[in-house]
Amino acid sequence: MNLLARLLTRSEHFAKGVLFDCHHCGQCVLSQTGYTQCPMACPRQIRNGPCGGSMDGHCEVYPDRLCVWARIHQRVDKNGTSTPPLLRSADPKLFFTSSYANYFTGKDLLARTPLEYLDLGTNRKQQAPQTASQLERKLRAGTFVFTSEIRSPRGAEPDKVRKQAELLRDHFDALNATAYLNGKPSMPSAIASAQIVKCGVEPICQSVCRDLTKTAFISELITNQINGVHNSLCITGDFYQGEPGVKQVYDMDSSLMIYEARYLREKGVIFFTGDKMKDPPKPFIGGAINPFTTPWNVPIRRLKQKVAAGADFIQTQVILDLATFKEFMRIVHEEGIDNDLFVLAGLPVIISKKAFEMMPGVPGIRVPKHVTERFAQTQDIVQEGIAFAREMIEEVRAIPGISGTHLMLFGIDYKVLPSVVEELREKPTVAEPVCTETE
Ligand code: SF4
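What counts, and at which threshold
- Residues numbered from 1 in each chain as written.
- Predicted model: local features only at pLDDT ≥ 70, side-chain atom pairs only at ≥ 80, totals over all residues.
- Helix = DSSP H or I, 4+ residues; strand = E, 2+ residues; numbered from the N terminus.
- Buried ≥ 20, exposed ≤ 12 C-beta atoms within 10 Å, placed from the backbone.
- Domains from an automatic or database assignment.
- Contact = placed C-beta atoms within 7 Å.
- Nonpolar A, V, L, I, M, F, W, Y, C, P; charged D, E, K, R; others polar.
- Axes fitted to C-alpha atoms, helices over the stretch in contact; angles between N-to-C directions.
- Parallel < 35°, antiparallel > 145°, perpendicular 65-115°, else oblique.
- Left-handed = near helix turned anticlockwise from the far one by under 90°.
- Pairing = 2+ DSSP bridges.
- Right-handed = clockwise from strand over helix to strand, strands pointing away.

1. Considerations on the environment of Gly245
Part 1 of the reasoning: With respect to the helices and strands, Gly245 occurs in the loop between strand 4 (231–235) and helix 9 (254–267).
Part 2 of the reasoning: In this structure Gly245 comes out as exposed when scored by C-beta crowding, with 8 C-beta atoms within 10 Å.

2. Describing the domain arrangement of the protein
Part 1 of the reasoning: Splitting the protein by domain gives domain 1 (3–112) and domain 2 (124–426).
Part 2 of the reasoning: Between the C-alpha centres of domain 1 and domain 2 the distance comes to 29 Å.
Part 3 of the reasoning: Taken residue by residue, the interface counts 29 residues in domain 1 and 27 residues in domain 2.
Part 4 of the reasoning: Of the residues that constitute the side of domain 1 that touches domain 2, the class distribution is 9 nonpolar, 15 polar and 5 charged.

3. Some details on the packing of helix 6 (residues 158–168) against helix 7 (residues 189–198)
Part 1 of the reasoning: Between helix 6 and helix 7, whose axes approach to 9 Å, the crossing angle comes to 50°. The angle between helix 6 and helix 7 places the two elements in the oblique class. Here the hand of the crossing between helix 6 and helix 7 comes out right-handed. Across the interface between the two elements, Pro158, Val161, Arg162 and Ala165 of helix 6 pack against Ala192, Gln195, Ile196 and Lys198 of helix 7.
Part 2 of the reasoning: Tallied by class, residues from the contact of helix 6 with helix 7 come to 5 nonpolar, 1 polar and 2 charged.

4. Things to note about the pairing of strand 3 (residues 203–208)
Part 1 of the reasoning: When you tally the buried positions in strand 3, you get 6 out of 6 residues, the bulk of the element.
Part 2 of the reasoning: Residues Pro203, Cys205 and Ser207 line one face of strand 3 and the alternating positions Ile204, Gln206 and Val208 line the opposite face, and both faces are buried.
Part 3 of the reasoning: The sheet contact formed by strand 2 (residues 174–178) and strand 3 spans 3 bridges and is parallel. Each bridged residue has a counterpart across the sheet, and for Ala177 the counterpart in strand 3 is Cys205.
Part 4 of the reasoning: On the question of chirality, the crossover connecting strand 2 to the parallel strand 3 by way of helix 7 is right-handed.
Part 5 of the reasoning: In the sheet, strand 3 pairs with strand 4 via 4 bridges, with the strands oriented parallel. Looking at the pairing, Ser207 lines up with Cys234 of strand 4.
Part 6 of the reasoning: As a crossover connection, the stretch from strand 3 through helix 8 (residues 214–226) into strand 4 is right-handed.

5. Looking at unusual backbone geometry
Part 1 of the reasoning: Cis geometry marks the peptide bond from Gly49 to Pro50; its omega dihedral reads 5°.
Part 2 of the reasoning: Mapped onto the secondary structure, Pro50 falls in the loop between helix 1 (3–20) and helix 2 (68–76).
Part 3 of the reasoning: In this structure, the amide linkage connecting Thr294 to the following residue, Pro295, adopts the cis form with an omega of -10°.
Part 4 of the reasoning: Within the secondary structure, Pro295 sits in the loop between strand 5 (284–289) and helix 10 (297–309).
Part 5 of the reasoning: Although it is not a glycine, Asp21 adopts a positive phi angle of roughly 60°.
Part 6 of the reasoning: Look at Asp21 and you get partly exposed, because 14 C-beta atoms sit within 10 Å.
Part 7 of the reasoning: Look at Asp56: it is not a glycine, yet its phi comes out positive at around 50°.
Part 8 of the reasoning: Mapping Asp56 onto the fold places it in the loop between helix 1 and helix 2.

Below, the structure written as structure tokens:
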């Protein structure tokens, strides 16, 4: 770099650093983000946000700081619900160069130009099934579905996965294979998912932005297709907070991950390379949303972005604050977002006092006072947890726009899960009637 370029770069970094907390990516998107703050100041450095850990406007990783993305949404569309643009990942080749120079030479054009959303049609819930997923068929047929999850073991123990899958098989429509809890190594979700398939139940493979490059993600989709795993949940993943600090990937945020999967399914082309693929994977694509992110319009805008990016279904963060969730769903329904995607309400099954006490520390979970008091007073946490989960299921299934529930266990003994849903599964569905046509 010659002297003039170095001077330009340094003076730009200094001025933008003072004004916008610039992190020197050399491909400035401040004009897309309301000149609020450099999005690269987000510890995850995601180009679309926020992640699900943003609470009360603060950052999951540094709770003493404001969430960059909550601030951006407020600046760009204060109290509005417009669909945000989808920005590409930052190009590492341009880091620590002058964004002014890159702007005038056009080197940063791709990075600062929002992606074109795919034309996926309207009233997408009414469309015929587009994948081999049985979960998709059930949802499109109007069945109120129940999903839950299996924790991948820390070691190479496929028997553990199969044992859980066999126990839950007849009680749930699909099972998430959670993996890398808190960013720690475990059996990969794709491998656990393949074991779940062998037990005759549908898995939902969890693909995590924290751990996957784009190349690894597309490869995971191919692996899943070969193994008969037809549901993919694209999520950000908790920030690894352990010691020593480790590099976390965030090559994409979850909206971009959804876009990559949908682009491949629709066009048979890998978006980020432009390469055509023979026999591309066609997953039923899910995302996650935290309805309790504030201000209220932030999760609505983020949800709209995920729908536009191509999500078919959403599993929500754990719901304990029913009133806030109902308000969130009122807006989702009023805005017609639920015409295009299936919403599965995330509900807790709390069977351990210790696990319950840890809940307020889980990123994105809000525990209301009356729930804390209820569980503090109980003598039988297991029975209380089952009763609470059942009550919550009854409540959420009556909310317009809800297509099912996703049960998350707070405790160890997964054998209680069938008892939560027995009886409830027999009741007639209140999910909205949708197309029953099959391919
Ligand atoms: S809460 Fe998430 S999106 Fe917001 S600044 Fe922190 S890491 Fe980034």
